[in-house]
Amino acid sequence: MGMAGGTGSGETVTGMRRVRRRALIAAPLVLAGLAFPSAGAAQVRLPDIGDSSAAVWSVAEEKALADELVRNLRRAGRLLDDPELLEYLDALGARLVAAAEGAGQRFRFVLVRDSAINAFAAPGGLIGIHAGLLLAARSEGEVAAVIAHEIAHVTQRHLARAYEDASKSSLPTAAAILAAVLLGSQDPQLGSAAVAGVAAGAVQRKINFTRDNEREADRIGIQILAGAGFDPGHMHRFFEHLQRAGRYYGTQLPEFLLTHPVTSDRLAEAKDRAAAMPAVGERALPEFELAQARVRVLTAEDPAQPLGYFRGELARDEGADASRYGLALALARAKDAPGARRELGRLLERDPDRLAYRLALARVEVGIGDRERGLAMFAETLPLFPGNHPLTVEYVQALLQSGKAAEARGLLLEHTRDREVGPALYQLLARASGEAGFVAEAHGYMAESYYGLGHLGEALRQLELALARPGLDFYLESRLQSRRAELREEMKAAKQ
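Below is a short write-up of the structure. (Residues numbered from 1 in each chain as written. Predicted model: local features only at pLDDT ≥ 70, side-chain atom pairs only at ≥ 80, totals over all residues. Heavy atoms only, no water.)

### Points about the overall build of the protein
For step 1, the next point in the chain: Looking only at helices and strands, the protein features 24 helices and five strands.
For step 2, the next point in the chain: Residues counted as buried form 54% of the 496 residues belonging to the protein.
For step 3, the next point in the chain: The contacts in the protein between residues at least 6 apart in sequence include a share of 71% that link residues at least 24 apart.
For step 4, the next point in the chain: In the form shown here, the protein has an accessible surface area of approximately 21500 Å², with 52% of it arising from carbon and sulfur atoms. (Helix = DSSP H or I, 4+ residues; strand = E, 2+ residues; numbered from the N terminus. Buried < 20%, exposed > 50% of the residue type's maximum accessible area, 1.4 Å probe, protein only. Contact = heavy atoms within 4.5 Å. Areas by Shrake-Rupley, 256 points an atom, 1.4 Å probe, with all protein chains shown as cover.)

### Here's the deal with helix α12 (residues 264–275)
Since there are 3.6 residues in each turn of an α-helix, residues three or four apart along the chain are aligned in direction.
For step 1, the next point in the chain: Compared with the 16 Å implied by 1.5 Å per residue over 12 residues, the 16 Å span of α12 between its first and last C-alpha is a close match.
For step 2, the next point in the chain: Among the residues of α12, those classed as buried are Arg266, Leu267, Ala270 and Ala274. One face of α12 carries all of its buried residues, which in axial projection span an arc of 100°. Residues Ser264, Asp272 and Ala275 are exposed on α12 and point more than 90 degrees away from its buried face. (Expected span 1.5 Å × (residues − 1). Arc of directions from axis to C-beta.)

### Focus on the pattern of salt bridges
Side-chain pairing between opposite charges can occur once the charged atoms of the two side chains come close.
For step 1, the next point in the chain: Tallied over the entire structure, the rule returns 29 salt bridges.
For step 2, the next point in the chain: Of the charged contacts in the structure, one is a salt bridge between Asp231 and Arg237, with a shortest N-O distance of 2.6 Å.
For step 3, the next point in the chain: Arg354 is paired through a salt bridge with Glu287; the nearest N and O atoms lie 3.1 Å apart. Highlighted residues: Arg354 in the loop between α16 (337–350) and α17 (355–368) and Glu287 in helix α13 (residues 287–299), separated in sequence by 67 residues.
For step 4, the next point in the chain: A relative accessible area of 35% places Glu287 in the partly exposed class.
For step 5, the next point in the chain: By sharing partners, the salt bridges in this structure join Asp82, Glu84, Arg294, Arg363 and Glu394 into a single network. (Salt bridge = Lys/Arg side-chain N within 4 Å of Asp/Glu carboxyl O.)

### Digging into unusual backbone geometry
For step 1, the next point in the chain: Positive phi is not limited to glycine here, since Lys335 has a value of about 65°.
For step 2, the next point in the chain: Here Lys335 lies in the loop between α15 (321–333) and α16.
For step 3, the next point in the chain: The exposure class of Lys335 is exposed, given its relative accessible area of 62%.

### A short note on the sheet that holds strand β5 (residues 126–130)
For step 1, the next point in the chain: As summarised here, the arrangement of the three strands in space is β3-β5-β4, forming an open sheet in which the pairing is mixed. Of all the strands in the sheet, the pair left with one neighbour each is β3 (108–112) and β4 (119–122). Going from strand to strand, the sheet's axes swing by 20° on average, the running direction of each strand aside.
For step 2, the next point in the chain: Across the sheet, helix α3 (residues 83–98) lies against β3 and β5, angled at about 135° from β3, the strand it touches most. (Pairing = 2+ DSSP bridges. Axes fitted to C-alpha atoms, helices over the stretch in contact; angles between N-to-C directions.)

### Details of the pairing of β4
For step 1, the next point in the chain: Taking every second residue as pointing to the same face, both faces of β4 are buried, with Ala119 and Ala121 on one and Phe120 and Ala122 on the other.
For step 2, the next point in the chain: Connecting the antiparallel pair β4 and β5 is a turn made up of three residues, with Gly124 showing a positive phi of about 85°.

### Brief notes about the layout of surface pockets
For step 1, the next point in the chain: Empty space within the largest pocket amounts to approximately 1400 Å³.
For step 2, the next point in the chain: Lining the largest pocket are 47 residues, with Asp81, Asp82, Pro83, Leu86 and His389 positioned closest to its centre.
For step 3, the next point in the chain: Listing elements by their share of the lining of the largest pocket, those giving two or more residues are α2 (59–75), α3, β3, α13, α15, α17, α19 (389–401) and α21 (423–435).
For step 4, the next point in the chain: Sorting elements by how many residues they give to the lining of the largest pocket places α17 first, with seven residues.
For step 5, the next point in the chain: Grouping the amino acids of the lining of the largest pocket by side-chain chemistry returns 25 nonpolar, seven polar and 15 charged.
For step 6, the next point in the chain: Space inside the second largest pocket adds up to approximately 660 Å³.
For step 7, the next point in the chain: Elements represented by at least two residues in the lining of the second largest pocket include exactly α5 (140–155), α13, α14 (304–316) and α15. (1 Å grid on protein atoms, 1.4 Å probe; cavity = no way out; pocket = protein on both sides within 12 Å on 5 of 7 lines; lining within 4 Å. Points joined across faces, edges and corners; volume = space filled by probe spheres on them. Nonpolar A, V, L, I, M, F, W, Y, C, P; charged D, E, K, R; others polar.)

### Section: the packing of aromatic side chains
For step 1, the next point in the chain: Taken as a whole, this structure holds five aromatic pairs when the rule is applied.
For step 2, the next point in the chain: Ring geometry for Tyr325 against Tyr357: centres 5.9 Å apart, planes inclined by 45°, an arrangement best described as tilted. A residue pair is termed long-range when its members are at least 10 positions apart, and Tyr325 in helix α15 and Tyr357 in helix α17 qualify at 32 residues. One exposure class covers both Tyr325 and Tyr357, and it is buried.
For step 3, the next point in the chain: Ring centres of Phe474 and Tyr475 lie 5.5 Å apart, and the angle between their planes is 75°; on these two criteria the pair is classed as edge-to-face.
For step 4, the next point in the chain: Of the residues examined, Phe474 reaches a relative accessible area of 60% and is grouped as exposed. (Phe/Tyr/Trp six-rings, centres within 6.5 Å; stacked < 30°, edge-to-face > 60°.)

### Details of the nonpolar core
For step 1, the next point in the chain: Counting residues in each nonpolar core, the largest one holds 50 residues, and the members touching the most others are Tyr325, Leu344, Tyr357, Phe378, Leu400 and Leu428.
For step 2, the next point in the chain: Sorting elements by how many residues they give to this core places α17 first, with nine residues.
For step 3, the next point in the chain: If near-sequence neighbours (up to four positions away) are discounted, Leu428 is found in contact with Val393, Val396, Gln397, Leu400 and Leu412. (Core = buried A, V, L, I, M, F, W, Y, C linked by side-chain atoms within 4.5 Å.)

### Description of the packing of helix α22 (residues 439–452) against helix α24 (residues 474–495)
What describes two packed helices is the angle between their axes and the distance between those same axes.
For step 1, the next point in the chain: Look at α22 against α24: their axes get within 11 Å of each other, and the N-to-C directions meet at 25°. What the angle tells us is that α22 and α24 run roughly parallel. In the crossing of α22 with α24, the sense of the turn from one axis to the other is left-handed. Of the residues in α24, those in contact with Ala440, Glu441, Gly444, Glu448 and Tyr451 of α22 are Leu476, Leu480, Arg483, Leu487 and Glu490. (Parallel < 35°, antiparallel > 145°, perpendicular 65-115°, else oblique. Left-handed = near helix turned anticlockwise from the far one by under 90°.)

### Considering the side chain of Asn388
For step 1, the next point in the chain: With respect to the helices and strands, the residue Asn388 is situated in the loop between α18 (371–381) and α19.
For step 2, the next point in the chain: Of the polar contacts made by the side chain of Asn388, one reaches the backbone nitrogen of Leu391; its length is 3.0 Å. (Polar contact = N/O pair within 3.5 Å; in protein donor to acceptor, adjacent residues only side chain to side chain.)

### Topic: the pairing of β3
For step 1, the next point in the chain: Counting buried positions along β3 gives five out of five residues, so the element sits mostly inside the fold.
For step 2, the next point in the chain: Across the two faces of β3 the burial is the same, with Arg108, Val110 and Val112 and Phe109 and Leu111 all buried.
For step 3, the next point in the chain: Where β3 and β5 come together, five bridges link them in parallel fashion. Bridge assignment links Phe109 to a residue of β5, and that residue is Ile127.

Below is the structure:
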């Protein structure tokens, strides 16, 4: 049934490593450096950094740390878990990782619900991109530049090496230095608390160390970008763009410039490296601008703001499909079904096979329009894009809204058979199973959802409720009991 798979699994660590991990996890975000650009097609050979940093965390410990960081972010409401946007980030990230020969690990990409222009890298291949960065970027190449830079931070194990250096101090001091330098910018209160009691000189030494990391990540990131087929000039141009924008901010510089100062030497090096690489002819694709429009609508606190923004953009360029798509999404959010249907219809006339438009229209029909028409559109679209995650999730939700739980459960079980499952998907599995009459199974899935969110006590309670159901078959009961034992052991270890 897969209840123990995906984010439902977890590793624990022992001795000082367990203590070390807990000290770091106390801070909800581990931040590393930010970004630079793109160009070619060949893979990039990453330098061997030796065994010193590898001794800090094992692969299992890094994954456990990354899992815990994601749980903390979700618990704080800082993740934007939108399937379409995550699908876009995964595809872009995979393209860049493929260009870095010898990356040697799995990468995971998350979208942070934060207007700051920033990004982060964490052990375990975790890369976070802020919504504000997507909105500030003028092209996909600039976003790719940031991601490539963060990939370099991970492959070079900069965080592990930083921790190794900090661990020469006492454990509380080491954790405070890391929290102050790596995540202070993410939350001023957390940063102030973390740095309390730490000598200013120690923090300054750590900042200098991370600046060296930044230069290395710049160099390798540019190579990765070029290998992925992006113009390597995106890196220095994006930094220059942020610097120019910063002149209008006064003391409130873009977060990127505050956490990763861009010196004239760094810019010059980036320009020189880009100039030495072959020119690349990029082909502009609509996915980036569509994702940007979606971010703007989903993160707007006032629904009227994106309506005004996209209407203004269309007044300047009526043929801007991304602006029309954003307007349709904003109209749907404002419950204007006829308006959203009109704009999406115009888009589909020009591009009838664009999944983003089909999904948006089906979503409008099911939510505020004609439900049966929307379900028919989902059923018609699924064979055209088999296995597509956003499409499948949206279709399952539409089926559940229409009281077709058994069909939704079957579709979801098939879809999750060979993919990693996160808290939102586990919750959807729980709903579909429960409404289809599989109550014990539903409790088991809810346990995994709570586990993924970091609520271990509630996860254990859900497993107890599942095991208390009468008539359990042998295999389901065995899986539930095994998962309960794992969870109890993990909770016990966390208290030691």
